[in-house]
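Residue-level structural notes
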Amino acid sequence: GAGVSQSPSNKVTEKGKDVELRCDPISGHTALYWYRQRLGQGLEFLIYFQGNSAPDKSGLPSDRFSAERTGESVSTLTIQRTQQEDSAVYLCASRGNRDIFHNEQFFGPGTRLTVL
Amino acid sequence: AQSVTQLDSHVSVSEGTPVLLRCNYSSSYSPSLFWYVQHPNKGLQLLLKYTSAATLVKGINGFEAEFKKSETSFHLTKPSAHMSDAAEYFCVVSDDRNTPLVFGKGTRLSVIA
């Protein structure tokens, strides 16, 4: 498809387990963002990848959170030793060079994570 | 530092009546401003964006927003609400292309038949 895709769409896990969330950006988009949306809240920034530059990790809430990106393609967000407060929808967005000046980002459908 | 305040957490209107969702922003620069809509269990969809070309911005589904620098506002309007407009709406600001988007907390729009 032409849009940003994320998998899985839903993930239920037990407290203490590790989870991996995947994002496939729009082909050719150099920038990729991860956000978290807690119930009834706006989006919180987590991490930003731009091409081959070092990622901006300033939004990661703890060292249990990490993310990787292979070149300008797929990204995975990993949460280790999950806690109940990690329950949220995790959204990925990508941005192409044509949209860079105004920072228009295109969002995926999200992964709903529930930690029991 | 940039920030966004959505003044109403919930707005309820009758079908066919006007919609007004209020947003005030704080920005050090000339910002880009966006409205996104999120329907239940759906992804975020861009409604419209302000990028300094024109202060009155027209978006999809009949929505408009007006950038008022003197009031630091970017309110979203629609002349006549439709049932399908019921959703969560987010006002978003961006100062710089290398920074993440900053989201408001959202306004839930209910449309009553």
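See the structure shown above.
How each quantity is defined
- Residues numbered from 1 in each chain as written.
- Chains lettered and ligands numbered in written order.
- Predicted model: local features only at pLDDT ≥ 70, side-chain atom pairs only at ≥ 80, totals over all residues.
- Heavy atoms only, no water.
- Helix = DSSP H or I, 4+ residues; strand = E, 2+ residues; numbered from the N terminus.
- Rg over C-alpha atoms; globule rule 2.2 N^0.38 Å.
- Buried < 20%, exposed > 50% of the residue type's maximum accessible area, 1.4 Å probe, protein only.
- Areas by Shrake-Rupley, 256 points an atom, 1.4 Å probe, with all protein chains shown as cover.
- Lys, Arg positive; Asp, Glu negative; His and termini not counted.
- Charge placed at Lys NZ, Arg CZ, Asp CG, Glu CD.
- Pairing = 2+ DSSP bridges.
- Axes fitted to C-alpha atoms, helices over the stretch in contact; angles between N-to-C directions.
- Contact = heavy atoms within 4.5 Å.
- Salt bridge = Lys/Arg side-chain N within 4 Å of Asp/Glu carboxyl O.
- Polar contact = N/O pair within 3.5 Å; in protein donor to acceptor, adjacent residues only side chain to side chain.
- Nonpolar A, V, L, I, M, F, W, Y, C, P; charged D, E, K, R; others polar.
- Disulfide = S-S within 2.5 Å.

Quick look at the overall build of chain B
Secondary structure summary: chain B contains 0 helices and 12 strands in total. Each helix and strand of chain B, ordered N terminal to C terminal, gives the series β-β-β-β-β-β-β-β-β-β-β-β. Whereas a compact globule of 113 residues would reach a radius of gyration of roughly 13 Å, chain B reaches 13 Å, a difference of no more than 12%. Overall size of chain B, expressed as C-alpha extent along the three principal axes, is 40 × 25 × 20 Å. Within the span of chain B, comprising 113 residues, buried residues form 44% of the whole. Surface summary for chain B: the accessible area is close to 5500 Å², and the carbon and sulfur share equals 50%. Across chain B, the mean location of the 10 positive side-chain charges is 3 Å away from that of the 9 negative side-chain charges.

With respect to the sheet that holds strand β7 (residues 75–79) of chain A
All names here are of chain A. Ordered in space as β1-β3-β7-β6, the 4 strands form an open sheet in which the pairing is antiparallel. Edge strands, defined here as strands with exactly one partner in the open sheet, are β1 (5–7) and β6 (65–69). Strand-to-strand, the axes of this sheet are offset by a mean angle of 15 degrees, without reference to chain direction. Relative to strand β3 (residues 19–24), β1 is paired through 3 bridges, and the arrangement is antiparallel. Across the sheet, residue Ser7 finds its bridge partner in β3, namely Arg22.

Examining the interface of chain B and chain A
Across the boundary between the two partners, chain B contributes 21 residues, which contact 21 residues of chain A. The interface formed by chain B and chain A holds 1 salt bridge in total. At the surface where chain B touches chain A, the tally comes to 5 residue pairs in polar contact (both at pLDDT 80 or more). The set of elements that each furnish at least two residues to the side of chain B that touches chain A consists of β5 (32–38), β6 (44–50) and β10 (87–94) of chain B. Here the side of chain B that touches chain A gets 4 residues from one element, more than from any other, and that element is β5(B). Of the residues in the side of chain B that touches chain A, the class split is 8 nonpolar, 9 polar and 4 charged.

Topic: the state of the cysteines
Under the definition given, this model contains 2 disulfides over all chains. There is a disulfide in this structure between A:Cys23 and A:Cys92, and the S-S distance comes to 1.9 Å. Disulfide A:Cys23-A:Cys92: torsion about the S-S bond near -65 degrees, hence left-handed. Of this pair, A:Cys23 sits in strand β3 while A:Cys92 is found in strand β8 (residues 88–95), placing the two residues 69 residues apart along the sequence. Overall, the relative accessible area of 0% leaves A:Cys92 in the buried class. For B:Cys23, the disulfide goes to B:Cys91, at an S-S distance of 2.0 Å. Its S-S torsion of about -70 degrees marks the bond between B:Cys23 and B:Cys91 as left-handed, since a negative value means left-handed. Taken as a pair, B:Cys23 in strand β4 (residues 23–26) and B:Cys91 in strand β10 lie far apart in primary sequence, 68 residues in all. Taking relative accessible area as the criterion, B:Cys91 reaches 0% and is therefore assigned buried.

By themselves, these are just geometric observations and shouldn't be taken as functional.
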